[in-house]
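Each chain, written out:
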Amino acid sequence: MRKFLILLLACLTVLPTLAACTKRNNTTPGTATSDAASGTQSPADTEPETDEWGRVIEPTDFDVSGLDFGGAKLTVLCAGNDENGYWAMDPGLYQKPADALEMALYKRNMQIEQDLGLSLKVAYKPANGASSELNKTVETDAKSGLNEYDIVVNYAAYGVVENLRGYYMDLLAADTPHLQLDKPWYNQNFIENTQAFGHLYYIIGDYNLCAYNRLMATYFNRTLCTAYELIPDDSGDALYDLVQEGKWTYSQLFEFAKFSHDLNGNGEKDAGDIYGLLSNAGCEGYDGFLYAFNLDLTVTNDDGTHEWNVSNNQKMTDAMEKLIDLWRQDGVWMVGKTPNSGSTSQDQYKMFAESHALFDIDVIYRYAAQNKALRAMKDKYGLLPLPKYDTRQDNYYAGVQDSHNTVAVLYGSDKNYEMISAVLELFASKSYATVRPTLFNRVIKGQKLQDPQSIEVFDLIMNSTRWDFADIYPTAVQNVRNSLWRDALRTAVYGDGDGAAAVIGALATNKRAMNEAFRVLDEWLYSHY
């Protein structure tokens, strides 16, 4: 293999200033100082007030001073077995906080109880599968009229199954006076793509840490990138600048992925060498790019109905070609595809943590073992968003693994929606103010914690989350993201196929079932409530 390749073009290229954002995204409304998803700067009359992390402060106008719910109980039904489970961080109702993040959540919830004069409770139920215990609990509670639960925090892939739809409150129709769904602590892209025909049953906010944990991003080894002269020093500023100037694109990543170094000198491609790009053939190498390249599986018609945006979608086939070329490079170590690379997420994060890759496409936070391995790294590392398709694309975007949670409110004639909306609003706004920065500390512990630029890029990554209508309702529409994108792309990468053939073949196999599924889903959404 090649000993090394100097790739400084990315940091030296001078490109025109990007156009202003024209597509709705999850940026902070009411500020003219930055476009968080594009990385570009725009003028403002005055400097905005910032917090200790350098973020623009977006104050809430929700006044809790006149609220007191007299010690009422509000119960969250949450995915998982107990507070030690991964999903427990979303409600954050810990009895024994074990680290700084759990303590921040614990304090947030104590403050909410004090502000509103109520008691927060949580019940955990396993949520894997469409017929999960959690889903059965929702159905039983709704049918029996017990009204034991108020808010449901459910596994995204299975929480939208057809048999549960009638049990959730339409948040646009309900009397929820304290929800401020246009605020930055709610994910605007998710809300935009979830609602249909004026109905909204699911939301994601900054209390949904699992959603942001499962966001696809680009790790980079600052020490190795400096040693091989990709960047001038290990601060990472050259790459952060590239991102904030809107110039971090597929073509830059492609050049970096050419790199390889036969570190152990045996002349073979193995885990003892250093590679330009690392990822996992399970889904990490594919799913995030569907959104990073600003591709839409579906479009919404003027009458509110939905249709597929796949046939004759030249950009989609071109994007597949780009990714096929990327993952076939010699400088790529793809866990699950490269011979002797292993097959698990552990094989992936250990490869990066042990300094065998310059760049790594992975979720931001998988679980404690991954985080522990990265925090123990001898080398310095940083986080970048997934690259844009090209410089003409306005914003950075990234997809989210569907193993996160969404939030819904159970329907009931005697529900106190004023209380529920107050709790949801404080869950989200207080998480935005204090919990999200603590998440940054957990992910990048010890890695330039006090550098405003790395924090700005981290916020940019958090704000790049993007969903598609079909991806939000996977069980209802034949898991289209997998069949039309992930599986088709993976098959082509493994073989010698091309992007056009992959899309055409997948569409031919699934088109009839997909169209019928869309018709049924649209009909329900139109007629319900």
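Up top you'll find the structure we're talking about.
Residues numbered from 1 in each chain as written. Predicted model: local features only at pLDDT ≥ 70, side-chain atom pairs only at ≥ 80, totals over all residues. Heavy atoms only, no water.

**Description of the sheet that holds strand E2 (residues 118-125)**
Threshold: Here, a strand pair is defined by DSSP locating no fewer than two bridges between the strands. Every helix listed is a DSSP run of H or I at least four residues long, and every strand listed is a run of E at least two residues long, numbered separately from the N terminus. Under this scheme, a helix contributes an axis fitted over its contacting stretch, all axes are lines through C-alpha atoms, and angles between N-to-C directions fall in the 0 to 180 degree range. In what follows, residue pairs with any heavy atoms lying within 4.5 Å of each other are defined as contacts.
As summarised here, the arrangement of the four strands in space is E2-E1-E3-E12, forming an open sheet in which the pairing is mixed. One side of each edge strand has no neighbouring strand; the edge strands of this open sheet are E2 and strand E12 (405-409). Adjacent strand axes in the sheet meet at a mean angle of 20 degrees when their direction is disregarded. In the sheet, strand E1 (residues 72-79) pairs with E2 via eight bridges, with the strands oriented parallel. Following the sheet pairing, valine 76 is matched in E2 by valine 122. Lying on the sheet, helix H13 (residues 417-443) is in contact with E1, E2, strand E3 (151-155) and E12; it crosses E1 at an angle near 55 degrees.

**A look at the nonpolar core**
Convention followed: Here, the term nonpolar core denotes a set of buried Ala, Val, Leu, Ile, Met, Phe, Trp, Tyr and Cys residues that are joined through side-chain atoms within 4.5 Å. Categorising residues by exposure relies on relative accessible area from a 1.4 Å probe, with only protein chains included: less than 20% of the type maximum marks a residue as buried, more than 50% marks it as exposed, and the intermediate range marks it as partly exposed.
By size, the foremost hydrophobic cluster in this structure holds 172 residues, and its most contacted members are Leu116, Phe289, Trp327, Phe359 and Trp485. Ranked by the residues each element gives to this core, the list is headed by H13, at 14 residues.

**Points about the pattern of salt bridges**
Where we set the bar: Criterion for a salt bridge: a side-chain nitrogen of Lys or Arg within 4 Å of a carboxyl oxygen of Asp or Glu.
All chains considered together, the criterion is met by 18 salt bridges. Salt-bridge contacts for lysine 430 lead to aspartate 115; the nearest nitrogen and oxygen are separated by 3.6 Å. A residue pair is termed long-range when its members are at least 10 positions apart, and lysine 430 in helix H13 and aspartate 115 in helix H2 (residues 100-116) qualify at 315 residues. Take lysine 430: its relative accessible area is 22%, and that puts it in the partly exposed class. In this structure, lysine 415 and aspartate 150 form a salt bridge, with 3.4 Å as the shortest nitrogen-oxygen distance. Of this pair, lysine 415 sits in the loop between E12 and H13 while aspartate 150 sits in the loop between helix H3 (133-144) and E3, and the two are 265 residues apart along the sequence. Judged by relative accessible area, lysine 415 falls into the buried class, the value being 10%. Given a relative accessible area of 8%, aspartate 150 falls into the buried group. Through salt bridges with shared partners, one network takes in Asp287, Asp471, Arg481 and Arg486.

**What about the packing of helix H10 (residues 314-327) against helix H16 (residues 480-494)?**
Applied cut-off: Orientation is classified from the angle alone, with under 35 degrees giving roughly parallel, over 145 giving roughly antiparallel, 65 to 115 giving roughly perpendicular, and any other angle giving oblique. Rotating anticlockwise by less than a right angle from the far helix to the near helix defines a left-handed crossing, while the corresponding clockwise rotation defines a right-handed one. Polar here means any residue other than Ala, Val, Leu, Ile, Met, Phe, Trp, Tyr, Cys and Pro, which are nonpolar, and Asp, Glu, Lys and Arg, which are charged; Gly is therefore polar.
Their axes nearest at 10 Å, the elements H10 and H16 cross at an angle of 45 degrees. Between H10 and H16, the angle is such that the two are oblique. The chirality of how H10 crosses H16 is right-handed. Contact with H10, carried on its side by Met316, Ala319, Met320, Leu323, Ile324 and Trp327, involves Leu484, Trp485, Ala488, Leu489, Ala492 and Val493 of H16 and no other residues of that element. Its residues assigned to classes, the contact of H10 with H16 comprises 12 nonpolar, no polar and no charged.

**A word on H3**
Applied cut-off: One less than the number of residues in a helix, times 1.5 Å, gives the span that helix is expected to have.
With 12 residues, H3 should cover 16 Å at 1.5 Å per step; its first-to-last C-alpha distance of 16 Å lies within 8% of that length. If you follow the buried residues of H3, they end up packed against E1, E2 and E3. A positive backbone phi angle near 75 degrees is found at glycine 145, which sits one or two residues after H3.

**With respect to the packing of aromatic side chains**
Selection criterion: When the centres of two rings from Phe, Tyr and Trp lie within 6.5 Å, Trp using its six-membered ring, the rings pair. Their planes under 30 degrees apart give stacked, over 60 give edge-to-face, and anything left gives tilted.
Scanning the model with the defined rule gives 27 aromatic pairs in all. Ring geometry for phenylalanine 190 versus tryptophan 467: centroids 5.0 Å apart, planes at 85 degrees, classification edge-to-face. Of this pair, phenylalanine 190 sits in helix H4 (residues 188-194) while tryptophan 467 sits in the loop between helix H14 (452-462) and helix H15 (469-472); the two residues are 277 residues apart in sequence, bridging distant segments of the chain. Accessibility expressed as a relative area gives 3% for tryptophan 467, which makes it buried. Measuring from ring centre to ring centre gives 6.1 Å for tyrosine 202 and tyrosine 473, while their planes differ by 70 degrees; the resulting arrangement is edge-to-face.

**A short note on the pairing of strand E4 (residues 216-221)**
Of all six residues in E4, six are buried; the element is thus mostly enclosed. The alternating pattern of E4 places Met216, Thr218 and Phe220 and Ala217, Tyr219 and Asn221 on opposite faces, both of which are buried. As defined by bridge partners, E4 adjoins strand E10 (residues 357-363) across five bridges and the pair is classed as antiparallel. Across the sheet, tyrosine 219 pairs through a bridge with aspartate 360, a residue of E10.

**Considerations on the packing of H13 against H14**
Relative to each other, H13 and H14 sit at 110 degrees, their axes nearing to 11 Å. One way to sum up the angle between H13 and H14 is to call them roughly perpendicular. Contacts between H13 and H14 involve Arg436, Leu439, Phe440 and Val443 from the first element and Ser454, Ile455, Phe458, Asp459 and Met462 from the second. For the contact of H13 with H14, the class distribution of residues is six nonpolar, one polar and two charged.

**Details of the environment of tryptophan 308**
Note the following rule: Throughout this description, a polar contact denotes any pair of N or O atoms lying within 3.5 Å of each other; where both atoms belong to protein, one of them has to be capable of donating a hydrogen while the other can accept it, and for residues adjacent in sequence the pair is counted only when both atoms sit in side chains.
Tracing the chain through its elements places tryptophan 308 in strand E8 (residues 306-308). Judged by its relative accessible area of 13%, tryptophan 308 falls in the buried class. Along the chain, tryptophan 308 and alanine 470 lie 162 residues apart, while their C-alpha atoms are 8.9 Å from each other. A distance of 3.4 Å separates polar atoms of two side chains, one belonging to tryptophan 308 and the other to asparagine 515.

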